[in-house]
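Now for the letters of each chain:
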Amino acid sequence: MNLSESKTALVLAPHPDDGEFSCGATLKKLSENACQIYYAAFSPCEKSLPSGFAKDSLFKELTRAVHILGIPETNILTFQYPVRSFPDHRQEILEDLIKLKKQIQPDLVFLPNSNDIHQDHEVINREGMRAFKHCRMLGYELPWNNFTFTNSCHVVLKKSHIMAKMKALEAYKSQAFRNYHNEEFFFGLAKTRGIQIGEDYAEAFECIRWIF
Ligand SMILES: [Zn+2]
């Protein structure tokens, strides 16, 4: 299957903004190709919010962000696991993932890559691989969580896709303080991944499973 032939994709985001940071431009490209994209976010990350922000700020920001990428609000699925505590909830998370698989039946799943060291991302990677082992899976890149990253799959992108990703990230006002929340960084990374394959821009993924 060519990526552009994907009809139903599912993004597994431990925290609301992980999908935009890692594969926002690819999601924009998929939505332009009439792919139905579902976005599952596993934590409201209440403990990661700066003071002055309401407890549900990140889920509200998520709704605005994914709308820019062409994902309707009805395709957002949220869970209430506490941030940095996913290892204490492995089995419940696996059961939720299995329900998502039956409910959505995606032909493509985006999830954290296998070398991501964040404890919540590690759980979504491992349990995601268990739940979706019969499905195509791409592990997305968040460089600040990786010592190594296998960039074995690249999605060719246009500048407009990267611009849409940046616009989506702007919706996350509560996370603007993070040093990686930076336009120069994301354009530089997209350019780096593009140059690796002789194109202008790309996002890179670990090919966890592909089925022809
Ligand atoms: Zn995260």
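Our structure is the block above this text.
Below you will find a few notes about this structure. (Residues numbered from 1 in each chain as written. Predicted model: local features only at pLDDT ≥ 70, side-chain atom pairs only at ≥ 80, totals over all residues. Heavy atoms only, no water.)

With respect to the pairing of strand E1 (residues 8-13)
Here is step 1: Across the six residues that make up E1, a large majority, six, are buried.
Here is step 2: Here E1 shows no split at all, with Thr8, Leu10 and Leu12 on one side and Ala9, Val11 and Ala13 on the other all buried.
Here is step 3: In terms of strand pairing, E1 meets strand E2 (residues 36-41) through six bridges, oriented parallel. Each residue of the ladder has a partner; that of valine 11, found in E2, is tyrosine 39.
Here is step 4: Crossover E1 to E2 through helix H1 (residues 18-32) is right-handed.
Here is step 5: Relative to strand E4 (residues 108-112), E1 runs parallel, the two being bridged by three bridges. (Buried < 20%, exposed > 50% of the residue type's maximum accessible area, 1.4 Å probe, protein only. Helix = DSSP H or I, 4+ residues; strand = E, 2+ residues; numbered from the N terminus. Pairing = 2+ DSSP bridges. Right-handed = clockwise from strand over helix to strand, strands pointing away.)

Some words on the side chain of glutamate 203
Here is step 1: Within the element layout of this structure, glutamate 203 appears in strand E7 (residues 201-209).
Here is step 2: We classify glutamate 203 as buried; its relative accessible area is 4%.
Here is step 3: Looking at glutamate 203, its side chain comes within polar contact range of the main-chain nitrogen of alanine 25, at 3.3 Å.
Here is step 4: In contact with glutamate 203, not counting residues within four places along its chain, are Ser22, Cys23, Gly24, Ala25, Thr26, Cys153, His154, Val155, Leu157, Lys165 and Arg193. (Polar contact = N/O pair within 3.5 Å; in protein donor to acceptor, adjacent residues only side chain to side chain. Contact = heavy atoms within 4.5 Å.)

Focus on the environment of glutamate 46
Here is step 1: The topology assignment puts glutamate 46 in the loop between E2 and helix H2 (57-68).
Here is step 2: With a relative accessible area of 41%, glutamate 46 lands in the partly exposed category.
Here is step 3: A C-alpha to C-alpha distance of 17 Å links glutamate 46 and proline 87, two positions 41 residues apart in sequence.

Here we look at the pattern of salt bridges
Here is step 1: All told, the structure shown has six salt bridges when counted by the stated rule.
Here is step 2: Its salt-bridge partner being arginine 90, residue glutamate 127 comes within 2.8 Å of it at the nearest N-O pair. Placement of the pair is glutamate 127 in helix H4 (residues 119-131) and arginine 90 in helix H3 (residues 90-104), with a sequence separation of 37 residues.
Here is step 3: Classification of arginine 90 by relative accessible area gives partly exposed; the value is 28%.
Here is step 4: Where glutamate 127 meets arginine 130, a salt bridge forms, and the shortest distance between an N and an O atom there is 3.0 Å. (Salt bridge = Lys/Arg side-chain N within 4 Å of Asp/Glu carboxyl O.)

Quick notes on the coordination of the zinc ion
Here is step 1: Donor atoms from the polypeptide that bind the zinc ion are His15 (ND1), Asp18 (OD), Asp18 (OD) and His121 (NE2), placed at 2.1 to 2.4 Å.
Here is step 2: Considering all four donor atoms around the zinc ion, the spread of angles at the metal, 56 to 143°, places the coordination shape in the irregular class.
Here is step 3: Sequence positions of the residues that donate to the zinc ion give the spacing H-x2-D-x102-H. The exposure classification of histidine 15 matches that of aspartate 18, with both residues buried. (Donors = N, O, S within 2.8 Å, 3.2 Å for Na, K, Ca; no water. Tetrahedral: all angles 85-135°; square planar, octahedral: opposite > 155°, others 65-115°.)

Notes on the packing of H1 against helix H5 (residues 159-170)
Here is step 1: Running from N to C, H1 and H5 cross one another at 125°; their axes reach a closest spacing of 8 Å. Comparing the axis directions of H1 and H5 gives the class oblique. The two elements H1 and H5 cross, and the hand of that crossing is right-handed. Across the interface between the two elements, Glu20, Phe21, Ser22, Gly24, Ala25, Lys28, Lys29 and Glu32 from H1 touch His161, Ile162, Ala164, Lys165, Ala168 and Leu169 from H5.
Here is step 2: A breakdown of the residues in the contact of H1 with H5 according to their chemical character gives six nonpolar, three polar and five charged. (Axes fitted to C-alpha atoms, helices over the stretch in contact; angles between N-to-C directions. Parallel < 35°, antiparallel > 145°, perpendicular 65-115°, else oblique. Left-handed = near helix turned anticlockwise from the far one by under 90°. Nonpolar A, V, L, I, M, F, W, Y, C, P; charged D, E, K, R; others polar.)

Concerning the packing of H3 against H4
Here is step 1: The interhelical angle for the contact between H3 and H4, taken along N-to-C directions, is 45°, at an axis separation of 9 Å. The angle between H3 and H4 falls in the class oblique. H4 is crossed by H3, and the crossing has right-handed handedness. Every residue of H4 that contacts H3 at Arg90, Ile93, Leu94, Leu97, Ile98 and Lys101 is listed here: Glu122, Val123, Ile124, Arg126, Glu127, Gly128, Arg130 and Ala131.
Here is step 2: Considering only residue class, the contact of H3 with H4 consists of seven nonpolar, one polar and six charged.

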